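# Results of the structural survey
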Amino acid sequence: MNQTKQNILSRSRQLFNEFGTTNVSLRTIADNLEISVGNLQYHFKKREDIIEGLYFELVEEMNTIMVEPTGKLLESVLDISTRMIFKLYDYRFFFLDF
C-alpha cells in the first residue's frame, strides 16, 4: 500500500475514533489531511471504502497477533488477549457506532 493511502487510513481511523463514523465525511478527512477531496477520492471513492480498508487492516493485525505465540501456553493466552484488546481499542469506532 502506498504512503498516501496509509496516511489516509491512519488519519481516518483517528477521526472516526474521536468523532464517530457518522460525523466524519470525506471533506472532513481531506481537510484534516490538507488535500483535496478529489485527491482523496482518487484513493478511496467513498467513506465506506475507507471503513472497509480499516476493517481489513484490523483483521490483518489480529491475524498477526494470533500466529505469534510467545512462550508457555498460559503466558501466550494472556499476551495474545492483552494485545488483541489494545488493538481493538485502536479501532474502537467499529464498536462505538453499533
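Right above here is the structure, for reference.
Cut-offs applied
- Residues numbered from 1 in each chain as written.
- Predicted model: local features only at pLDDT ≥ 70, side-chain atom pairs only at ≥ 80, totals over all residues.
- Heavy atoms only, no water.
- Helix = DSSP H or I, 4+ residues; strand = E, 2+ residues; numbered from the N terminus.
- Axes fitted to C-alpha atoms, helices over the stretch in contact; angles between N-to-C directions.
- Left-handed = near helix turned anticlockwise from the far one by under 90°.
- Contact = heavy atoms within 4.5 Å.
- Nonpolar A, V, L, I, M, F, W, Y, C, P; charged D, E, K, R; others polar.
- Buried < 20%, exposed > 50% of the residue type's maximum accessible area, 1.4 Å probe, protein only.
- Arc of directions from axis to C-beta.

## Describing unusual backbone geometry
A positive phi angle, close to 60°, is found at glutamate 34, a residue other than glycine. Here glutamate 34 shows up in the loop between helix H2 (26–33) and helix H3 (37–43).

## Focus: the environment of valine 67
By the secondary structure assignment, valine 67 is in the loop between helix H4 (47–66) and helix H5 (73–90). With 13 residues separating them along the chain, valine 67 and isoleucine 80 place their C-alpha atoms 9.3 Å apart.

## Remarks on the packing of helix H1 (residues 3–19) against H2
Orientation of H1 relative to H2, taken along the N-to-C sense of each, is 115°, at an axis distance of 10 Å. Between H1 and H2 lies a crossing of right-handed hand. Seen from H1, the contacting residues are Asn7, Ile8, Arg11, Ser12, Leu15 and Phe16; seen from H2, they are Thr28, Ile29, Asn32 and Leu33. Considered class by class, the residues forming the contact of H1 with H2 number 5 nonpolar, 4 polar and 1 charged.

## Re H2
All buried positions along H2 are accounted for by Leu26, Ile29 and Ala30. For H2, the angular spread of buried residues about the axis comes to 95°, placing them on one side. Positive backbone phi, approximately 60°, marks glutamate 34, located one or two places after H2.

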